[in-house]
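# Tertiary structure, described
So the chains spell out like this:
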Amino acid sequence: MISMADSQAMARIAAAIDANFDKQVQFLAELVRFPSLRGREAPLQDWFARQMAARGYAVDRYTLADVPPHPKMAPMVECDPAGSVQVVATHRAKNPIGRSLILQGHIDVVPEGPADMWTHPPYAAVIRDGWMYGRGAHDMKSGVACMVYAMDAIRDAGFEPAADVYVETVTEEESTGNGALSTLLRGYRADAALVPEPTGHTITRSQTGTIWFRLRVRGIPVHVAVAQDGSNAIMSAYVLIQALYAHTRKLNEAARTNPWYADIKDPIKFNPGIIRGGDWASSTPAWCEVDCRIGLVPGTTPEEAMAGIEATVRAAAKGDGFLANNPPEIIWTGFQTDPYVLEPGCEAEAVLAAAHASVHGGTLPERRTTAVNDTRYYGLYFDIPGLCYGPKGEGAHAFDERTSIEDLRKCTLTMATFIANWCGLSPRA
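Residues numbered from 1 in each chain as written. Predicted model: local features only at pLDDT ≥ 70, side-chain atom pairs only at ≥ 80, totals over all residues. Heavy atoms only, no water.

It is worth spelling out the sheet that holds strand S13 (residues 329-336) at this point. The antiparallel open sheet is built from four strands, whose spatial order is S11-S12-S10-S13. Each edge of the sheet is formed by a strand with only one pairing partner; in this case those strands are strand S11 (270-277) and S13. Averaged over all pairs of adjacent strands, the angle between strand axes in this sheet comes to 20°, irrespective of strand direction. Relative to S13, strand S10 (residues 209-218) runs antiparallel, the two sharing five bridges. Bridge assignment links Arg216 to a residue of S13, and that residue is Glu329. Along the sheet, helix H5 (residues 233-254) makes contact with S10, S11 and strand S12 (287-296), crossing S12 at roughly 10°. (Pairing = 2+ DSSP bridges. Helix = DSSP H or I, 4+ residues; strand = E, 2+ residues; numbered from the N terminus. Axes fitted to C-alpha atoms, helices over the stretch in contact; angles between N-to-C directions. Contact = heavy atoms within 4.5 Å.)

Moving on, we come to the packing of aromatic side chains. In this structure the tally under the stated criterion is 10 aromatic pairs. Note on Tyr245 and Phe270: the rings are 4.9 Å apart at their centroids and 85° apart in plane angle, and the pair reads as edge-to-face. Residue Tyr245 is located in helix H5, and its partner Phe270 is located in strand S11; the two are separated by 25 residues in the primary sequence. The exposure class assigned to Phe270 is buried, which follows from its relative accessible area of 8%. Three or more aromatic residues joined by ring pairs form one cluster here, namely Phe27, Phe34, Trp47 and Tyr149. (Phe/Tyr/Trp six-rings, centres within 6.5 Å; stacked < 30°, edge-to-face > 60°. Buried < 20%, exposed > 50% of the residue type's maximum accessible area, 1.4 Å probe, protein only.)

This brings us to helix H3 (residues 137-156). Among the 20 residues that make up H3, 18 are buried, leaving the element largely enclosed by the rest of the structure. Looking one or two residues past H3, Gly158 carries a phi angle of roughly 100°, positive in sign.

Cis geometry marks the peptide bond from Asp139 to Met140; its omega dihedral reads -10°. Of note, Met140 is situated in helix H3. At Ala125, a position not held by glycine, the phi torsion is positive, near 55°. Considering the arrangement of structural elements, one finds Ala125 in the loop between strand S3 (101-106) and strand S4 (126-128). Although it is not a glycine, Glu172 sits at a positive phi angle of roughly 70°. Residue position: Glu172 is located in the loop between strand S7 (165-170) and helix H4 (178-185). The buried category is assigned to Glu172, whose relative accessible area is 0%.

Here we take up the pattern of salt bridges. Under the counting rule described, the total for this entry stands at 27 salt bridges. In this structure, Asp338 and Lys72 form a salt bridge, with 2.7 Å as the shortest nitrogen-oxygen distance. One end of the pair, Asp338, is in the loop between S13 and strand S14 (340-341); the other, Lys72, is in the loop between strand S1 (58-63) and strand S2 (85-91), and 266 residues separate them in sequence. Classification of Lys72 as partly exposed rests on a relative accessible area of 23%. (Salt bridge = Lys/Arg side-chain N within 4 Å of Asp/Glu carboxyl O.)

What the six strands build is an open sheet, ordered S1-S2-S7-S3-S8-S16; its pairing is mixed. Edge positions in the open sheet fall to S1 and strand S16 (386-388), since each of these has one partner strand only. Across this sheet, the average inter-strand angle for adjacent strands is 20°, counted without regard to direction. Relative to S16, strand S8 (residues 193-195) is paired through three bridges, and the arrangement is parallel. Counterpart to Ala193 in the pairing with S16 is Gly386. Where helix H2 (residues 42-54) meets the sheet, it contacts S1, S2 and S7, and its direction lies at approximately 10° from that of S2. Sheet strands touched by H3: S2, S3, S7 and S8. Its angle to S3, the strand with the most contacts, is close to 145°.

A few words on the packing of helix H1 (residues 7-33) against H2. For any two helices packed against each other, one specifies the inter-axial angle together with the distance between the axes. Axis separation between H1 and H2 bottoms out at 10 Å; the angle between their running directions is 155°. On the basis of their axis angle, the class for H1 and H2 is roughly antiparallel. Of the two elements, H1 crosses H2, and the hand of that crossing is right-handed. Within the contact between the two elements, H1 uses Phe27, Glu30 and Leu31 and H2 uses Leu44, Trp47, Phe48 and Gln51. (Parallel < 35°, antiparallel > 145°, perpendicular 65-115°, else oblique. Left-handed = near helix turned anticlockwise from the far one by under 90°.)

Our next topic: the packing of H1 against H3. Remark: H1 packs on H3, axes separated minimally by 8 Å, with the N-to-C direction vectors making an angle of 145°. Of the two elements, H1 crosses H3, and the hand of that crossing is right-handed. Of H3, the residues touching H1 (which contributes Ile13, Ala16, Ile17, Asn20, Lys23, Gln24, Phe27, Leu28, Leu31 and Val32) are Ala137, Lys141, Ser142, Val144, Ala145, Cys146, Val148, Tyr149, Asp152, Ala153, Ile154 and Asp156. Looking at side-chain class alone, the contact of H1 with H3 contains 15 nonpolar, three polar and four charged residues. (Nonpolar A, V, L, I, M, F, W, Y, C, P; charged D, E, K, R; others polar.)

This part covers H2. The terminal C-alpha atoms of H2, which comprises 13 residues, lie 18 Å apart, in line with the 18 Å expected from a rise of 1.5 Å per residue. By the burial criterion, the buried members of H2 are Leu44, Gln45, Trp47, Phe48, Ala49 and Met52. Buried-residue contacts for H2 involve H1, S1, S2, H3 and S7. The positive-phi residue at the C-terminal boundary of H2 is Gly56, with phi of around 100°. (Expected span 1.5 Å × (residues − 1).)

Tracing the sequence through the fold places Leu408 in helix H9 (residues 405-423). For Leu408, a relative accessible area of 0% translates into the label buried. A sequence separation of 241 residues divides Leu408 from Val167, and the C-alpha atoms of the two residues are 18 Å apart. Aside from chain neighbours lying at most four places away, what touches Leu408 is Phe21, Gln24, Leu28, Ser142, Cys146 and Thr403.

Following this line, the structure appears as structure tokens:
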């Protein structure tokens, strides 16, 4: 195994990153051009599987229907597990003497919204002024490109990791997390996992949990001329939304004493994200459905958060003349995730911090996020340190989402340095 005190080895890897960089940017552009929305990820995953097979990896392509059930599998309402494709590309060390590693990124993206509200078409991967624009360019196809080309650079410099490395692309990160969990249930385990979400070269110290649910309300339709004789399901749903906002304010008051989120204002976010209802503008609506998301801080379980939602909705319904006799329904539609804290002091983080310092200088900054990422599965349930660290970008889930081109290069070098130090290097045969 080559010692990473060998500066010549790292110089060769850095030179390979520079030599491949135009191809890396084009690779990212190809990723962005796939509209890999939920349920439509298979074309990208098939392309990615071919890309990795051409590089000499052993490729496992499977669907979520191919894995066993698990208590932490979240419900996939209105999405067929058999159509949700996962890819694991494996580098097998001939004589493994280093530490094994998982590199994992999600390729599912959120809907782009009205295309005419983007400066550039959302899947065109336009590059302007040092930025690539496009849905998924930032969250998180940029990180996927970094992990692939970090491994490419090691190979092209004449080396290979001296331990097994699994390069994984998963789905469902934006809705359930089942893709990441499936890789572990499929048997892919390692001494550490790195998920290159676009953290701007910081490490994610903590993440909140998330619950997805649907409020379903029924009403009595009448002609709007006699609206007083019927009910309005949309307005009844509004009563529940207001109650859940009040519930969230109470949760955020309590979070002021949370050891990980006391310094972050209102870390628990509630969002009514989708609303559907009614059939006719001149009829009082007979139905309304609202898809919602709410967070939870470390120290709270998903079960406790779900019980709080149920109690809030039940109390609000009892105080409403119509809902008291026509109780609303709650449907759990996706995320039921635990919060996760990467406790300071693990060896994998120390190796990543050293890699960061070698590229950027200074200490590795940390962040505490009020969203989720897939590292929780590794750290909470499989005793694998889950590191979340990646490139710089802007506009996750927003119009004009973009990633910094130059930061791709820096992140790829940091990642290659981490792989070299964590796994060790052997001469490539």
